[in-house]
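The residues making up each chain are set out below.
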Amino acid sequence: MPGKAISGQIIPLWIPLGIVLTATLHYGRSLLPSRKERKTDKRFRLALQLGAVLLSVVGLNQLYMKHLDEQVGRAFQQDVKVLDAQIQAIVQQNLAELASLEQLVMPGKQVDPAEFRQAVLRLQASNASVLAYSWDPIVPRDELGLFERRTRRLLEDPGYAVYGESIEPDDPIIPVQFVEPQEHNRPALGFNLLSIEDRRNWVMLAQSLGRPVVTQILNLTQAPDEPGLLILHPVYTLVEPSHLLMGNKQLSGYMVGVFTVQRMFDAALKRAGIQNIEFSLYEQHAPDPFFQTLGSVAQQGASDEALFDVEFAQQIWRIRAIAGPEYRAQHPVSSAKLMQTLLVLVGCLGGLLILGMHDRERLLLEQVKRQTRSLAYQARHDDLTGLPNRLRLTERVRERLTIERGVAFSVLFIDLDRFKMINDSLGHQVGDQLLKQMSAHLQLKLADGCELFRTGGDEFILLVSGPHEQVYVEAERFIYLCALPLQVDHHNLQVTASIGISHYPEHGEDLDTLIKHADTAMYRAKARGKNCFEVYDTVLTDAAVEAFQLEQDLRVALQEKQLILHYQPQYSLQDQSICGLEALVRWQHPEKGLLPPGQFIPLAEETNLIMQLGWQVIEMACEQILAWQEEGLELPPVAVNISPPQLLEVDFIQHINLIVDRYRVPRGLLELEITESLILQDPDMSIDLLGQLRQAGYRLALDDFGTGYSSLSRLKQLPLDRLKIDYSFTRDIGKNPKDEAVILTVIALGRSLNIEVLAEGVETEEQLQFLQKQGCDSVQGFLLSRPTTADKCAIMLGLGQSVDAS
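Residues numbered from 1 in each chain as written. Predicted model: local features only at pLDDT ≥ 70, side-chain atom pairs only at ≥ 80, totals over all residues. Heavy atoms only, no water.

Visitor: Give a detailed account of the overall build of the chain, specifying residues and quantitative values.
Guide: Scanning the chain from terminus to terminus reveals 27 helices and 27 strands. Counting across all 806 residues of the chain, residues that qualify as buried make up 45%. Restricting the contact set of the chain to residue pairs at least 6 apart, pairs at least 24 apart contribute 66%. Just so you have it, the chain exposes about 42,600 Å², and 54% of that area is on carbon and sulfur atoms. (Helix = DSSP H or I, 4+ residues; strand = E, 2+ residues; numbered from the N terminus. Buried < 20%, exposed > 50% of the residue type's maximum accessible area, 1.4 Å probe, protein only. Contact = heavy atoms within 4.5 Å. Areas by Shrake-Rupley, 256 points an atom, 1.4 Å probe, with all protein chains shown as cover.)

See the structure below:
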């Protein structure tokens with residue numbers, strides 16, 4: 001019975017074929033008609049079908065096995081090429097290592113035995129085929145005694161002596177002076193290479209060729225059971241003067257390496273990652289090998305073998321590589337044979353079973369269809385609320401623009417107001433539950449022609465068909481529905497919504513444009529106070545584009561230092577002298593000219609550029625104070641406005657100290673103006689922070705006092721130097737008695753707390769006389785001086801009087 005070698009064993013083909021036959025007959029029997037209805041032609045047809053199945057299996061198996069044999073053969077030839085390259089590399093490595101040791105024994109250099117030993121051990125660690133390296137110098141007979149004494153001192157070995165008489169009386173002596181590692185090679189010390197005939201012949205050959213030569217050694221002291229190799233590498237020195245015929249080289253000795261063939265082959269196999277390949281090694285034109293690995297199958301007529309030549313130090317060897325008995329069994333390709341046989345069997349059985357499982361296939365197809373429909377639904381609906389998502393919105397608008405073309409509709413962009421506060425205070429789980437309940441509630445209340453989508457977060461899109469009036473009615477209705485209270489986890493929650501509206505086709509003919517314009521209108525609704533709707537207008541886009549461009553210009557201005565400072569003098573009402581300067585920022589726009597702070601400070605606060613702007617203002621103010629000091633001017637305090645986000649930075653005090661100290665500005669010359677809004681945000685932290693600034697030496701002023709409803713109990717704890725009455729009270733002096741009463745109260749409060757009071761916005765003589773009469777300490781305003789440049793301020797400070805800068 002024919003069989004096939006698999007994993008080192010023979011498995012007859014009749015085993016898998018018998019299994020196939022039995023299974024096929026068993027299944028075929030169930031297909032046969034009853035005994036009464038059975039007919040000869042049907043039985044014959046069934047037999048032909050079963051026979052065809054068996055023949056197909058046998059034929060496929062044989063073809064596949066032949067294919068696998070060819071694959072193993074090709075893989076073996078590829079492995080042999082890899083081994084050839086590895087053996088060549090090891091040969092070149094051995095020669096290169098001998099050449100590297102030559103540097104240790106160059107003439108004029110004191111040979112260090114320890115250095116020689118370390119170099120040999122290092123090479124041996126990376127080359128497993130090396131047994132020993134030795135240095136064998138050429139010693140004239142008349143210098144033998146001197147050589148022995150010098151070597152004893154170098155090796156610290158009093159017993160070192162050269163042994164072995166040179167065969168020819170005219171020959172010098174070539175003794176082993178150094179050999180490493182000494183543990184297994186000590187008997188070789190002092191051995192004269194010219195004392196044995198075959199050694200002398202190889203020495204003479206190396207000398208005549210002037211290149212390394214290799215010789216076989218059948219019995220090595222280090223490995224008596226392994227054929228060895230001895231490489232003689234001649235070492236030359238340069239002499240002067242050079243001889244016309246001999247040149248300027250003189251042979252000084254031989255660097256000798258001892259190797260084993262077995263280890264060389266083992267190293268090549270290990271580097272290549274290949275196993276179970278045997279070798280026979282022949283000298284050139286020799287019929288019999290002088291070395292072969294144990295367990296060689298050369299005599300067994302192996303089917304996979306290859307020959308290649310290796311040149312080694314003037315020797316050409318022929319190597320016969322043979323696939324060992326385990327090579328085919330353990331090769332990845334060969335190990336797939338059993339698996340493939342089993343796969344053929346399983347395939348046959350599976351094919352027979354599938355014929356009887358058409359119902360199962362039908363059920364699976366139905367299940368796949370259900371899952372496909374489920375996945376399609378999930379892809380088009382929001383996981384949290386179950387509402388249609390952005391993908392479904394895109395498809396629905398595409399249908400409206402194509403199938404329902406000509407029917408007007410509107411896009412309502414709905415955003416819940418202050419929803420982030422619910423997430424931050426009560427947690428995202430409460431926020432998610434609120435969205436689910438609100439979405440379900442809104443979905444139930446949808447009118448005809450309306451479709452609701454959730455596009456993300458707390459944002460919804462409502463598509464409304466019909467005229468604009470109907471759209472506005474739906475917007476009002478949704479604002480009411482969103483504001484209804486909902487009970488979520490024992491919390492009674494009520495939110496409002498801002499809605500932006502864009503109409504098709506007036507405001508856009510595609511979804512992206514309609515959503516963009518509705519979003520723009522929604523932000524306008526939020527700016528109007530929230531809980532309302534706004535219809536898109538092109539003016540909104542123009543304003544948004546202008547604001548965006550101004551933001552980009554402001555970023556450039558901060559980088560290119562386009563900001564400048566003007567200074568408004570502050571005057572004492574006692575002697576009309578300048579008692580302070582307020583630094584006011586201006587923007588020298590390259591195209592729009594000089595812009596006042598009202599045109600860009602709100603934008604800086606909105607885009608979070610206010611902190612970078614604030615630090616730049618402090619730097620410019622300190623730089624100007626330093627310049628005025630260098631001019632010898634007597635300076636009053638210079639006031640700089642500090643925004644709440646800047647003051648609340650963790651390292652604010654360290655940062656401002658660094659700037660002020662860099663410009664050598666006395667801290668008492670800098671007055672930091674803060675607003676009441678900072679104190680209202682976190683009173684305790686504000687008091688602590690202002691106390692640290694006061695201790696650091698800065699003056700502190702509370703700006704716009706009276707507009708923020710400051711608590712008097714908190715005010716008395718603030719370490720302030722100055723209260724600034726807001727211009728909204730000053731401008732109505734003589735017109736509004738209530739404002740005058742507020743001013744009188746602030747002046748009295750400042751006097752009782754020993755805090756200076758300054759009134760802003762003084763523009764008339766009547767205002768000035770009223771403030772002076774009521775005991776206000778100081779004032780600033782257009783009546784006395786407008787904000788002006790640093791140069792004009794310097795003139796005013798030098799003259800010591802007020803100058804109208806208008």
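Next, the rest of the story.
Visitor: Tell me about the nonpolar core, and please be specific about residues and values.
Guide: Core analysis: the biggest nonpolar cluster contains 85 residues, and Trp628, Ile656, Leu670, Leu693 and Leu771 have the highest contact counts within it. Examining the composition of this core, we find that 12 residues originate from one element, helix α18 (residues 610-630), more than from any other. Beyond its immediate chain neighbours, meaning those up to four positions away, Leu693 contacts Leu647, Phe652, Ile653, Leu672, Tyr698 and Leu700. Counting 71 residues, the second-largest nonpolar core is a separate cluster that includes Leu131, Leu229, Tyr254 and Val258. (Core = buried A, V, L, I, M, F, W, Y, C linked by side-chain atoms within 4.5 Å.)

Visitor: Can you break down helix α14 (residues 468-482) residue by residue, with the values?
Guide: Taking 1.5 Å per residue, 15 residues should reach 21 Å; α14 reaches 21 Å between its end C-alpha atoms and fits that length. Along α14, the residues classified as buried are Val471, Glu474, Ala475, Phe478, Ile479, Leu481 and Cys482. All buried residues of α14 project into a common sector of 160° when viewed along the axis, lining one side. In α14, the exposed residues that point more than 90 degrees away from the buried face are Glu469, Val473 and Tyr480. (Expected span 1.5 Å × (residues − 1). Arc of directions from axis to C-beta.)

Visitor: Outline the side chain of Gln646, supporting the account with residue identities and numerical values.
Guide: For Gln646, the position within the fold is in helix α19 (residues 644-647). A residue is classified by how much of its surface remains accessible, and Gln646, at 1% relative accessible area, is buried. In contact with Gln646, other than residues within four places in its own chain, are Met611, Gly614, Trp615, Ile618 and Phe652.

Visitor: I'd like a rundown of unusual backbone geometry, residues and numbers included.
Guide: That bond from Glu180 to Pro181 is cis: its omega, -5°, falls within 30 degrees of zero. Omega for the bond connecting Tyr504 with Pro505 falls within 30 degrees of zero, at 5°, which places this linkage in the cis form. With respect to the helices, strands and loops of the structure, Pro505 is situated in the loop between β17 (497-504) and α15 (511-527). Look at Lys530: it is not a glycine, yet its phi comes out positive at around 70°. Relative to the elements of secondary structure, Lys530 occurs in the loop between α15 and β18 (533-535). For Asn531, which is not glycine, the phi torsion reads 55° and is therefore positive. Residue position: Asn531 is located in the loop between α15 and β18. When its relative accessible area of 37% is taken as the criterion, Asn531 is described as partly exposed.

Visitor: An account of helix α25 (residues 737-752) is needed here, citing residue identities and associated values.
Guide: With 16 residues, α25 extends 22 Å between its outermost C-alpha atoms, agreeing within 8% with the 22 Å of an ideal straight helix rising 1.5 Å per residue. Restricting attention to buried positions, one finds in α25 the residues Asp739, Glu740, Ile743, Val746, Ile747, Leu749 and Gly750. By the N-cap criterion, in which a side-chain oxygen at the helix start approaches the backbone nitrogen of a residue two or three places on, α25 is capped by Asn736, the distance to Lys738 being 3.0 Å. Directly after α25, the chain includes Asn754, whose backbone phi takes a positive value near 60°. (Polar contact = N/O pair within 3.5 Å; in protein donor to acceptor, adjacent residues only side chain to side chain.)

Visitor: Explain the packing of aromatic side chains to me, using residue names and the numbers behind them.
Guide: In this structure the tally under the stated criterion is eight aromatic pairs. Each ring, one from Trp587 and one from Phe600, has its centre 5.6 Å from the other, and the planes form 85°; the classification is edge-to-face. Here Trp587 is found in strand β20 (residues 578-589), whereas its partner Phe600 is found in the loop between β21 (593-595) and α17 (601-606), with 13 residues between them in sequence. Pair check on accessibility: Trp587 and Phe600 agree, each one buried. The ring of Phe782 has Arg786 lying over it, and the distance from NZ or CZ to the ring centre is 4.2 Å. (Phe/Tyr/Trp six-rings, centres within 6.5 Å; stacked < 30°, edge-to-face > 60°. Lys NZ or Arg CZ within 6 Å of the ring centre and 35° of its normal.)

Visitor: So, the packing of helix α13 (residues 428-444) against α14: which residues are in play, and what are the values?
Guide: To describe two helices that pack against each other, one gives the angle between their axes and the distance between the axes. For the pair α13 and α14, the least separation of the axes is 10 Å and the interaxial angle reads 140°. Crossing of α13 against α14: the hand is right-handed. Where α13 approaches α14, its residues Met438, His441 and Leu442 are matched on the opposing element by Phe478, Leu481 and Cys482. A per-class count over the contact of α13 with α14 returns five nonpolar, one polar and no charged. (Axes fitted to C-alpha atoms, helices over the stretch in contact; angles between N-to-C directions. Left-handed = near helix turned anticlockwise from the far one by under 90°. Nonpolar A, V, L, I, M, F, W, Y, C, P; charged D, E, K, R; others polar.)

Visitor: Before we move on, could you go through the environment of Asp489 and cite the residues and values that matter?
Guide: Structurally, Asp489 can be placed in the loop between β15 (486-488) and β16 (491-493). Asp489 sits 59 residues away from Val430 along the chain, and the two C-alpha atoms are 7.0 Å apart.

Visitor: Give me the lowdown on the sheet that holds strand β13 (residues 450-456), citing residues and values where you can.
Guide: Reading across from one edge, β13-β14-β12-β17-β18 is the order of the five strands in this open sheet, with mixed pairing throughout. Each having just a single partner strand, β13 and β18 make up the two edges of the open sheet. Strand-to-strand, the axes of this sheet are offset by a mean angle of 20°, without reference to chain direction. Inspection of the sheet shows β17 paired to β18 by three bridges, in the parallel sense. Along β18, the bridge assignment pairs Gly500 with Glu534. Contacts between α13 and the sheet are confined to β12 (409-416), β13 and β14 (459-465), with β13 contributing the most and set at about 165° to the helix. (Pairing = 2+ DSSP bridges.)

Visitor: Give me the pattern of salt bridges: which residues, what numbers.
Guide: Under the criterion given, the structure shown has 30 salt bridges. Notably, a salt bridge pairs Glu451 with Arg400, separated by 2.9 Å at the nearest N-O pair. Of this pair, Glu451 sits in strand β13 while Arg400 sits in helix α11 (residues 390-402), placing them 51 residues apart in sequence. Here Glu451 and Arg400 have matching classes, each one buried. Between Arg667 and Asp661 there is a salt bridge, with its nearest N and O atoms 3.1 Å apart. Taking the relative accessible area as the measure of exposure, Asp661 reaches 44% and is therefore partly exposed. (Salt bridge = Lys/Arg side-chain N within 4 Å of Asp/Glu carboxyl O.)

Visitor: So what about the packing of α18 against helix α20 (residues 652-662)? Which residues, and what values?
Guide: At a closest axis distance of 9 Å, the pairing of α18 and α20 adopts a crossing angle of 25°. It follows that α18 is roughly parallel to α20 by the angle criterion. Here α18 runs over α20; the crossing is right-handed. On α20, the residues touching Trp615, Ile618, Glu619 and Cys622 of α18 are Phe652, His655, Ile656, Ile659, Val660 and Arg662. (Parallel < 35°, antiparallel > 145°, perpendicular 65-115°, else oblique.)

Visitor: Explain the environment of Ser752 to me, and be specific about the residues and the numbers.
Guide: If you trace the backbone, Ser752 turns up in helix α25. On the basis of relative accessibility, which here comes to 58%, the residue Ser752 falls in the exposed class. It is 9.9 Å that separates the C-alpha atoms of Ser752 and Lys716, two residues lying 36 residues apart in sequence.

Visitor: Tell me what's going on with the pairing of β14, and back it up with residues and numbers.
Guide: With six of its seven residues buried, β14 lies for the most part within the structure. Judged from the seven bridges that link them, β12 and β14 form a sheet pairing that is antiparallel. Bridged to Phe409 within β14 is Ser465. Here six bridges tie β13 to β14, and the two strands are oriented antiparallel to one another. Among the inter-strand pairings, Glu451 is bridged to a residue of β14, identified as Leu463. Following β13, the chain reverses through two residues before pairing antiparallel with β14; Gly457 in that reversal takes a positive phi of roughly 60°.

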